[in-house]
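Below are the chains, spelled out letter by letter.
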Amino acid sequence: MTKRRSLNKTKIIESAFQLVEANGLESLSMRKLSELLGVKAMSLYNHIKNKEEIIDTLIDEVIGKMQCPDSNLPWREAMGIRCHSAHDVLLKHRWAAIPLLSNINKGPASFAYFESSLACLVGAGFTLAQADHAINALDSHVYGFTLIELNFPFKPEEYAKVAKEYIHMIPQETLPNMYALTKLVSERRYDGMQNFSFGLEIILDGLQVHLDGKTN
């Protein structure tokens, strides 16, 4: 007789993480999770409330991999590192961006991440309200850029080839700038690749101006 594996919440979450990492969040179900653990589905409920609790915990684990702002660094550098870290983590855990945006993040890692971000900005001179707006602006760039990057229909190495295929559809007379840009990409004089740092630096520049009191 096969010895039944001892079960606890940690093992359930570890197995759930393995499942979604391999097959995406849509693959997560109590039945599949119980099969992976070698137990009956109903036994999972002795340790967790429901599937939503599992997702909340998984999201908190992903957030825990993101670097919190370093209080020893200038605010701009610290928040820049924070945003690059979040971008990298979400690219690695491709399934996490949508549930992170659509769930209320209420785990310990989520709280620590937000608290440290507020502390960094408030310590630099922003009010709490301004810090909240700043975090929203920065995170909108992180999540929006990442989702586009994850779902973009072409790979970077395909840009020039695709540009060549589409350029005949762009009338040079009425769409001169779009035509010129496509031509640059098709001739490999411009790679056309999205640049995460470009948008991030613009937001940080604007926040610095605001902090310096040069805007209303």
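Further up the page is the structure itself.
Below is a summary of the structure that appears in this document.

Reading the values: the criteria
Residues numbered from 1 in each chain as written. Predicted model: local features only at pLDDT ≥ 70, side-chain atom pairs only at ≥ 80, totals over all residues. Heavy atoms only, no water. Helix = DSSP H or I, 4+ residues; strand = E, 2+ residues; numbered from the N terminus. Buried < 20%, exposed > 50% of the residue type's maximum accessible area, 1.4 Å probe, protein only. Contact = heavy atoms within 4.5 Å. Expected span 1.5 Å × (residues − 1). Arc of directions from axis to C-beta. Axes fitted to C-alpha atoms, helices over the stretch in contact; angles between N-to-C directions. Parallel < 35°, antiparallel > 145°, perpendicular 65-115°, else oblique. Left-handed = near helix turned anticlockwise from the far one by under 90°. Nonpolar A, V, L, I, M, F, W, Y, C, P; charged D, E, K, R; others polar. Salt bridge = Lys/Arg side-chain N within 4 Å of Asp/Glu carboxyl O.

**Focus on the environment of Val 185**
Its place among the elements puts Val 185 in helix H9 (residues 176–186). Since its relative accessible area comes to 10%, Val 185 is described here as buried. With 22 residues separating them in the primary sequence, Val 185 and Ala 163 have C-alpha atoms 6.3 Å apart. If we ignore the near neighbours within four places in the chain, the residues touching Val 185 are Tyr 159, Ala 160, Ala 163, Tyr 190, Asp 191 and Gly 192.

**A short note on unusual backbone geometry**
A positive phi is found at Arg 188, a non-glycine position, where the angle reads about 60°. Following the sequence through the fold, Arg 188 ends up in the loop between H9 and helix H10 (196–211). Classification of Arg 188 as exposed rests on a relative accessible area of 62%.

**Considerations on H10**
Along an α-helix, a turn takes 3.6 residues, which lines up residues three or four apart on a common side. For H10, built from 16 residues, the straight-helix expectation of 22 Å at 1.5 Å per residue is met to within 8% by its first-to-last C-alpha distance of 23 Å. Of the residues making up H10, those classed as buried are Phe 196, Gly 199, Leu 200, Leu 204 and Leu 207. The arc enclosing the buried residues of H10, seen along the axis, measures out at 135°, which places them on a common side. Elements that come into contact with the buried residues of H10 comprise helix H4 (75–92) and helix H7 (128–151). One or two residues past the end of H10 sits Gly 213, with phi positive at roughly 80°.

**Thoughts on the packing of helix H6 (residues 108–124) against H7**
Closest axis-to-axis distance for the H6/H7 pair is 9 Å, and the angle between their directions is 120°. Classified by the angle between their axes, H6 and H7 sit oblique to one another. Crossing of H6 over H7 shows right-handed handedness. In this structure, H6 contributes Phe 114, Ser 117, Leu 118, Leu 121 and Val 122 to the contact, and H7 contributes Leu 128, Ala 131, Asp 132, Ala 134 and Ile 135. Tallied by class, residues from the contact of H6 with H7 come to eight nonpolar, one polar and one charged.

**Notes on the environment of Met 193**
Tracing the sequence through the fold places Met 193 in the loop between H9 and H10. Look at Met 193 and you get partly exposed, because its relative accessible area is 39%. Non-local contacts of Met 193, meaning those with residues more than four positions away in its chain, are made with Pro 156 and Tyr 159.

**Description of the pattern of salt bridges**
If you walk through the whole model with that rule in mind, you get nine salt bridges. Between Arg 31 and Glu 35 there is a salt bridge whose closest N-O contact spans 3.0 Å. Here Arg 31 pairs with Glu 35, and both are found in helix H2 (residues 30–37), just four residues apart, close to one helical turn. The salt bridge partner of Asp 56 is Lys 106, with a shortest N-O separation of 2.9 Å. Residue Asp 56 is found in helix H3 (residues 51–64), and its partner Lys 106 is found in the loop between helix H5 (97–102) and H6; the two are separated by 50 residues along the sequence. The partly exposed category is assigned to Asp 56, whose relative accessible area is 24%. Each of the salt bridges in this network shares a partner with another, and the network as a whole consists of Arg 76, Glu 201 and Asp 205.

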